[in-house]
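Spelled out from the first residue to the last, the chains are:
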Amino acid sequence: MKKELTQEQFSYSGRNVLSGFLFGLGMVAFIDEAIFHQLLHWHHFYDRSTTEIGLISDGLFHAFSWFATVGALFMLADLRRRGAWWKKRWLGGMTLGAGLFNLYDGIIQHKLMQLHQIRYGVDLLPYDLIWNILAGIMVIAGGIVVYQTQKQLKLQKSELR
């Protein structure tokens, strides 16, 4: 039996997805920056120039990830203050945001724009497959949760009529 949504959760359902989406995007961008750029030194955000330009691009990318994360957390705090936080919908948005960011990074930035690769000097196929398959799984999982909660919204809306 599904729990009835509060009026606040109902009214702010879109903001729950957006806050979760931005948090997921910022979180996975931060993890990418910290692990692959800084700790492992596998690549920079932009590798088609000098190391100095690569480091500047990493700094801008890092700032972007923090703005997204901090903005998402301010939105989350506001949702909680209003009693409108819908955990399941927020987590669905977070998973969707993280997955879409990684899929965009893996397909658009790595392959189409060729800003950087995951790693250099190795066979890229296993890295690309793992990166993009995991991203696809996250997109599907997050999309399913957002869809389920959207169905719950529509069902409750029809019951109110």
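One structure accompanies this document, and this report is about it.

What counts as what
- Residues numbered from 1 in each chain as written.
- Predicted model: local features only at pLDDT ≥ 70, side-chain atom pairs only at ≥ 80, totals over all residues.
- Heavy atoms only, no water.
- Helix = DSSP H or I, 4+ residues; strand = E, 2+ residues; numbered from the N terminus.
- Buried < 20%, exposed > 50% of the residue type's maximum accessible area, 1.4 Å probe, protein only.
- Lys, Arg positive; Asp, Glu negative; His and termini not counted.
- Salt bridge = Lys/Arg side-chain N within 4 Å of Asp/Glu carboxyl O.
- Contact = heavy atoms within 4.5 Å.
- Expected span 1.5 Å × (residues − 1).
- Bend = angle between axes of the 7 residues up to and from the residue.
- Polar contact = N/O pair within 3.5 Å; in protein donor to acceptor, adjacent residues only side chain to side chain.
- Patch = residues over 30% accessible without salt bridge, like charges linked within 9 Å, V, L, I, M, F, W, Y side chains within 5 Å.
- Areas by Shrake-Rupley, 256 points an atom, 1.4 Å probe, with all protein chains shown as cover.
- Core = buried A, V, L, I, M, F, W, Y, C linked by side-chain atoms within 4.5 Å.

### Looking at the side chain of Asp105
Okay, so step 1: Among the structural elements, Asp105 can be located in helix α4 (residues 87-112).
Okay, so step 2: Buried charge Asp105 goes without a salt bridge, the closest partner of opposite sign being Lys111 at 11 Å.
Okay, so step 3: The residues contacting Asp105, other than those within four sequence positions of it, are Asp32, His110, His116 and Trp131.

### Details of the pattern of salt bridges
Charged atoms that come close allow side chains of opposite charge to pair.
Okay, so step 1: Applying the stated criterion across every chain, the model contains four salt bridges.
Okay, so step 2: Arg82 is the partner of Asp78 in a salt bridge, and the nearest nitrogen-oxygen pair spans 2.9 Å. Here Arg82 and Asp78 lie together in helix α3 (residues 51-82), a separation of four residues that amounts to about one turn.
Okay, so step 3: Exposure remark for Asp78: the relative accessible area of 16% places this residue in the buried category.
Okay, so step 4: A salt bridge links Lys111 to Asp128, with the shortest nitrogen-to-oxygen separation between them at 2.7 Å. Of this pair, Lys111 sits in helix α4 while Asp128 sits in helix α5 (residues 124-160), placing them 17 residues apart in sequence.
Okay, so step 5: Of the residues examined, Lys111 reaches a relative accessible area of 33% and is grouped as partly exposed.
Okay, so step 6: Accessibility expressed as a relative area gives 10% for Asp128, which makes it buried.
Okay, so step 7: Counted as one network, the salt bridges with shared partners bring together Arg15, Asp78, Arg81 and Arg82.

### A few points about α4
Okay, so step 1: If you check α4, its first and last C-alpha atoms are 35 Å apart, about what 26 residues at 1.5 Å a residue would give, namely 38 Å.
Okay, so step 2: Along its length, α4 reaches its greatest deviation from straightness, about 30°, at Asp105.
Okay, so step 3: Positive backbone phi, at 50°, marks Gln114, one or two positions downstream of α4.

### Section: the environment of Leu73
Okay, so step 1: Here Leu73 is to be found in helix α3.
Okay, so step 2: The exposure class of Leu73 is partly exposed, given its relative accessible area of 39%.
Okay, so step 3: Considering only alpha carbons, one finds Leu73 and Ile31, 42 residues apart in sequence, at a separation of 17 Å.

### Quick word on the side chain of His110
Okay, so step 1: Structurally, His110 is set in helix α4.
Okay, so step 2: Engagement of the side chain of His110 in a polar contact is seen with the side chain of His116, the distance being 3.1 Å.
Okay, so step 3: Leave out the neighbours within four places in its chain, and His110 touches Asp105, His116, Gln117, Ile118, Asp128 and Trp131.

### Side note on a nonpolar patch on the surface
Okay, so step 1: Nonpolar side chains collect at one region of the surface, where Phe30, Ile31, Ile35, Leu39, Leu40, Trp66, Val70 and Phe74 lie side by side and expose about 760 Å² of accessible area between them.
Okay, so step 2: Mapped onto the nonpolar patch, the elements with two or more residues apiece are α2 (13-39) and α3.
Okay, so step 3: By residue number, the principal contributor to the nonpolar patch is α2, which donates four residues.
Okay, so step 4: Relative to the helices and strands, Leu39 resides in helix α2.

### Let's talk about the nonpolar core
Okay, so step 1: Formed by Leu25, Val28, Ala29, Phe61, Ala68, Ala98 and Phe101, the largest nonpolar core amounts to seven residues.
Okay, so step 2: The set of elements that each furnish at least two residues to this core consists of α2, α3 and α4.
Okay, so step 3: Take this core: its biggest share by element is three residues, from α2.
Okay, so step 4: Apart from the residues within four sequence positions on either side, Ala29 is in contact with Phe61, Ser65 and Phe101.
Okay, so step 5: By size, the runner-up hydrophobic cluster in this structure holds five residues, among which are Phe23, Ala72, Trp90 and Met94.

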